[in-house]
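Chain residues, written in single-letter form:
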Amino acid sequence: MTNQEILSHIDHTLLKADASAEQIEMLCGEALEYHTASVCIPAGYVKFAREKFPELNICTVIGFPLGYSTAAAKCFEAEDAIKNGADEIDMVINLGDVKNGDFGEVEREIAAVKRSCGDKILKVIIETCYLTREERIALCCCVTRAGADYIKTSTGFGSAGADIEDIRLFAEHIGENVKIKAAGGIRTREDMEKFLAAGCDRIGTSAAKLLMSGDTH
């Protein structure tokens, strides 16, 4: 797999609380130059990035990173982000609902946010580090039935990030229209290639610069 093939699956990410406009602008420029799948940036920078880079595929996060805001708040966040120019939305589920066993509510929330996204891509972050195997499987079903486009492992802000075994588990239990995104702790070329080979369509990482030299053709 060439560097460019890997880069085409990367959401070039900067979600630090203290990210500056200068850093976001640099990230966006890199994404265009190296043809990454998208940039993933804080919602407060979406309008800024869209105005400066009209051709860029922009992803942002909602309910991030803890997921415990209400479904209505997440829907508003999604609609506002799209109005400001976002093409893709990564949402965090309500883990309290999961721990209470209320998977119906989880599914309803995802479906509501997907309606707010319209034809824009919705990725659903389930934060695997806090979940049992049974909960992960149940959430594969929720994401599928709710009509989301991707299931995503992690925020990168939890107690652990992506695990290759979770990708294999997702691949067994998601519907045919759902893709997989891994994020959190993926920092080497070897890791990126391994996650893609396991079935990921996207990788969220701040380490794409590792590939931005050498053979990118």
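Shown above is the structure to which this text applies.
Description of the structure in this document. This one's a predicted model, so the numbers in the text were calculated from it and none came from an experiment.

Side note on the packing of helix 6 (residues 103-117) against helix 7 (residues 133-146)
Part 1: Where helix 6 meets helix 7, the closest approach of the two axes is 9 Å, and the angle between their N-to-C directions is 35 degrees. The element helix 6 and its partner helix 7 pack so that their crossing is right-handed. Note on element contacts: helix 7 touches helix 6 through E135, A138, L139, C142, V143, R145 and A146, opposite F103, V106, E107, I110, A111 and K114.
Part 2: Each residue belonging to the contact of helix 6 with helix 7 can be placed in one class, and the counts come to 9 nonpolar, no polar and 4 charged.

With respect to the side chain of K181
Part 1: Residue placement: K181 occurs in strand 7 (residues 179-183).
Part 2: In this structure the side chain of K181 is engaged in a polar contact, spanning 2.7 Å, whose partner is the side chain of D11.
Part 3: The contact partners of K181, leaving out residues within four places of it in the chain, are D11, D90, K123, Y150, I151, K152, T153, R202, I203 and G204.

Topic: the pairing of strand 5 (residues 121-125)
Part 1: Most of strand 5 sits out of view: 4 of its 5 residues are buried.
Part 2: Where strand 4 (residues 88-92) meets strand 5, 5 bridges bridge the pair, whose relative direction is parallel. Bridge pairing in strand 5 places E88 opposite I121.
Part 3: In this sheet, strand 6 (residues 150-152) lies alongside strand 5 in parallel orientation, the contact comprising 3 bridges.

A few points about the sheet that holds strand 7
Part 1: What the 8 strands build is a closed barrel, ordered 1-2-3-4-5-6-7-8; its pairing is parallel. Mean inter-strand twist for the sheet, computed between neighbouring axes without regard to direction, equals 25 degrees.
Part 2: Bridging between strand 1 (residues 10-13) and strand 2 (residues 38-41) involves 3 bridges; their strand directions are parallel. Its bridge partner lying in strand 2, T13 is registered against C40.
Part 3: Together, strand 6 and strand 7 form the strand contacts of helix 8 (residues 164-173), whose direction differs from that of strand 7 by roughly 165 degrees.

Details of the nonpolar core
Part 1: Residues I93, I110, L122, V124, I151 and F195 are the most contacted members of the largest nonpolar core, which totals 63 residues.
Part 2: Looking at this core, the element that brings in the most residues is helix 6, giving 6 residues.
Part 3: Among all residues touching L122, those that are not within four sequence positions of it are I89, M91, I110, V113, K114, C117, A148, D149 and Y150.

Looking at the packing of aromatic side chains
Part 1: Tallied over the entire structure, the rule returns 2 aromatic pairs.
Part 2: Plain terms: the ring middles of Y45 and F48 are 6.0 Å apart, the flat faces sit at 65 degrees to each other, and that makes the pair edge-to-face.
Part 3: A relative accessible area of 23% places F48 in the partly exposed class.
Part 4: With centroids separated by 5.2 Å and ring planes inclined at 85 degrees, the aromatic side chains of F64 and F157 adopt a geometry described as edge-to-face. Linking F64 in the loop between strand 3 (58-62) and helix 4 (71-83) with F157 in the loop between strand 6 and helix 8, this pair joins segments that are 93 residues apart in sequence.

Notes on helix 6
Part 1: For helix 6, built from 15 residues, the straight-helix expectation of 21 Å at 1.5 Å per residue is met to within 8% by its first-to-last C-alpha distance of 21 Å.
Part 2: For helix 6, the complete set of buried residues consists of V106, E109, I110, A111, A112, V113, K114, S116 and C117.

Some words on unusual backbone geometry
Part 1: Each neighbour pair has its own omega, and for F64 with P65 the value is 0 degrees, a cis peptide bond.
Part 2: Within the secondary structure, P65 sits in the loop between strand 3 and helix 4.
Part 3: We note that H35 has phi near 55 degrees; this positive angle belongs to a residue other than glycine.
Part 4: Along the chain, the position of H35 falls in the loop between helix 2 (21-34) and strand 2.
Part 5: Look at H35 and you get exposed, because its relative accessible area is 52%.
Part 6: Phi at E127 is positive, roughly 55 degrees, even though this residue is not glycine.
Part 7: Mapped onto the secondary structure, E127 falls in the loop between strand 5 and helix 7.
Part 8: Looking at E127, the relative accessible area reads 3%, which means it is buried.

What counts, and at which threshold
- Residues numbered from 1 in each chain as written.
- Predicted model: local features only at pLDDT ≥ 70, side-chain atom pairs only at ≥ 80, totals over all residues.
- Heavy atoms only, no water.
- Axes fitted to C-alpha atoms, helices over the stretch in contact; angles between N-to-C directions.
- Helix = DSSP H or I, 4+ residues; strand = E, 2+ residues; numbered from the N terminus.
- Left-handed = near helix turned anticlockwise from the far one by under 90°.
- Contact = heavy atoms within 4.5 Å.
- Nonpolar A, V, L, I, M, F, W, Y, C, P; charged D, E, K, R; others polar.
- Polar contact = N/O pair within 3.5 Å; in protein donor to acceptor, adjacent residues only side chain to side chain.
- Buried < 20%, exposed > 50% of the residue type's maximum accessible area, 1.4 Å probe, protein only.
- Pairing = 2+ DSSP bridges.
- Core = buried A, V, L, I, M, F, W, Y, C linked by side-chain atoms within 4.5 Å.
- Phe/Tyr/Trp six-rings, centres within 6.5 Å; stacked < 30°, edge-to-face > 60°.
- Expected span 1.5 Å × (residues − 1).

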